[in-house]
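# Observations on the model geometry
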Amino acid sequence: MSTVASALLASRPRARLHARAYSSARARAATSRAAVGEPDGSDVFVFSAHRYELPTLRAALPNASFSDARLDASTAKLAAGCAAVCAFVDDDVGAETIDALADAGARLVLMRCAGFDNVDTTRARERGMTVMRVPAYDPLSISEHAAAMMMSLNRHLSESRDRLRVGNFTLDGLVGTSLRGKTVGVVGTGKIGRGFAKICGDGFQMRVLGYDKFQKDDFPGEYVELDELLATSDVISLHLPLTPETRGMINKNSIGKLKQGAILINTSRGALVEARAAIDGLVSGRLGALGLDVYENENRLFFKDFSGMDTKDRMLAWDETMAILGSMPQVLVTPHTAFLTKEALTEIANTTRNNYVAFRSGASLEGDAVVVNAR
Ligand code: NAD
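Cut-offs applied
- Residues numbered from 1 in each chain as written.
- Predicted model: local features only at pLDDT ≥ 70, side-chain atom pairs only at ≥ 80, totals over all residues.
- Heavy atoms only, no water.
- Phe/Tyr/Trp six-rings, centres within 6.5 Å; stacked < 30°, edge-to-face > 60°.
- Helix = DSSP H or I, 4+ residues; strand = E, 2+ residues; numbered from the N terminus.
- Buried < 20%, exposed > 50% of the residue type's maximum accessible area, 1.4 Å probe, protein only.
- Near = heavy atom within 4 Å.
- Polar contact = N/O pair within 3.5 Å; in protein donor to acceptor, adjacent residues only side chain to side chain.
- Areas by Shrake-Rupley, 256 points an atom, 1.4 Å probe, with all protein chains shown as cover.
- Nonpolar A, V, L, I, M, F, W, Y, C, P; charged D, E, K, R; others polar.
- Contact = heavy atoms within 4.5 Å.
- Salt bridge = Lys/Arg side-chain N within 4 Å of Asp/Glu carboxyl O.

## Examining the packing of aromatic side chains
- Here the structure, examined in full by the defined rule, presents five aromatic pairs.
- A centroid spacing of 6.3 Å and a plane angle of 90° characterise the contact between Y137 and F339, whose relative ring orientation is edge-to-face. Of this pair, Y137 sits in the loop between β6 (130-132) and α7 (139-154) while F339 sits in the loop between β13 (331-333) and α15 (342-361), placing them 202 residues apart in sequence. For the pair Y137 and F339, one class covers both residues: buried.
- With 4.8 Å between their ring centres and 35° between their planes, F219 and Y223 make a pair best called tilted. The same class applies to F219 and to Y223, which are both buried.

Structure, rendered in structure tokens:
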């Protein structure tokens, strides 16, 4: 077990919060659901339940058990006796974990995110484990975050904030550009990409280019080949799922094709971008700035607090690439917070409850929410 996982487990008595101890509003919600024959959620174990999402999760699943432990093969046993587990984007739902969950009696994995690249779906099917997800949760929240990163990098907001802290009110090095008339390239024009394209076109009056394997009629821009998009865009924003095809699509070769000084934003999945190649691009200036809400090794870092750890423990999770990125003034990293709005959290919790209820109802499972139907 990793040090971080054991630290989380060590904190389990404090963190494993049983819903029964909480408010009467939740009890009322549970009572009214029970009255209409819905399962009460007492057989659901929620992993990686952080303080920021507990209110919405508890409102949706009042009788579930909650833990801040990350799900992996070593923590799966916490859910012993529960028919369903609920996991998040950086949990490890690989083959070993699926085996451990199945051995402990679980039959349903409720992913409270859209992506499921961290789930071994083949193993889940083999072990009779149904996997469901939240296909969309307020996609515009993520589009808006990508736009915020673009603006922050273009107008040097993080650097201005850093200077404020040390009493430096000078302007040298803070010159930005007006985005009006500049070209933005949207790679992946699904729900989030189209929202971002609309913000850029309607809001910032940018020229919008798009690249997608499956073009959409309502994309508010012009579709071009990927190489043309890379070569002509002042800003490029990635809105693709992580697949074998898209893994590492921003690499030494593609960075070499960029317009000099382009801004790259990735709010999709970290492994779309080879971070070391991006660093080289930033050093050479080919890449003007980089905004990452996701990172290839984020499951070792994100959602954890290393600041109080002693040096030895901190070094166990030390990530040299992130340390370099963190030291670069033209880089902005947010820890997978693009989705983090009240609207999205409410949708995530409600869809997760609906997925659980649908599974427990015995009705046939269909639609985008179903990743593996092993029932
Ligand atoms: P979506 O399914 O609506 O859109 C994805 C688009 O990518 C589709 O139009 C699809 O045709 C296209 N695509 C897929 N494979 C491709 C390929 N090989 N080449 C070109 N285009 C390809 O998904 P969405 O809701 O817009 O989400 C996009 C991504 O955003 C998700 O896959 C997820 O990884 C990420 N996401 C991040 C956060 C966050 O908080 N940072 C939150 C939600 C989703």
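## Re the site of the ligand
- Close to the ligand lie 24 residues; K191, I192, D212, K216 and T267 are nearest.
- A distance of 2.6 Å separates an oxygen atom of the ligand from a polar side-chain atom of D212.
- Within the side chain of K216, a nitrogen or oxygen atom sits 2.6 Å from an oxygen atom of the ligand.
- Summarising the interface, the protein chains cover 87% of the accessible area of the ligand, which totals 860 Å² for the free molecule.
- By residue class, the composition of the shell around the ligand is nine nonpolar, eight polar and seven charged.

## So, helix α12 (residues 275-284)
- Every buried residue of α12 is accounted for by A275, A277, A278, I279, G281 and L282.
- Packing partners of the buried residues in α12 comprise α11 (252-256), β12 (287-292), α14 (320-327) and β13.
- Once α12 ends, the next one or two residues include G285, with phi positive near 95°.

## Remarks on unusual backbone geometry
- Phi angles above zero are rare outside glycine, and H156 is one such case at about 55°.
- Relative to the elements of secondary structure, H156 occurs in the loop between α7 and α8 (157-165).
- Here the phi dihedral of H336 falls at roughly 55°; this positive angle occurs in a residue that is not glycine.

## Side note on the pattern of salt bridges
- Considering all chains together, one arrives at 16 salt bridges under this definition.
- Residue R112 pairs with E53 through a salt bridge whose shortest N-O separation is 2.9 Å. With R112 in the loop between β5 (108-111) and α6 (121-126) and E53 in the loop between β2 (44-46) and α4 (54-60), the pair connects residues that are 59 residues apart, well separated along the chain.
- A relative accessible area of 3% means that E53 is categorised as buried.
- Of the charged contacts in the structure, one is a salt bridge between R123 and E126, with a shortest N-O distance of 2.6 Å.

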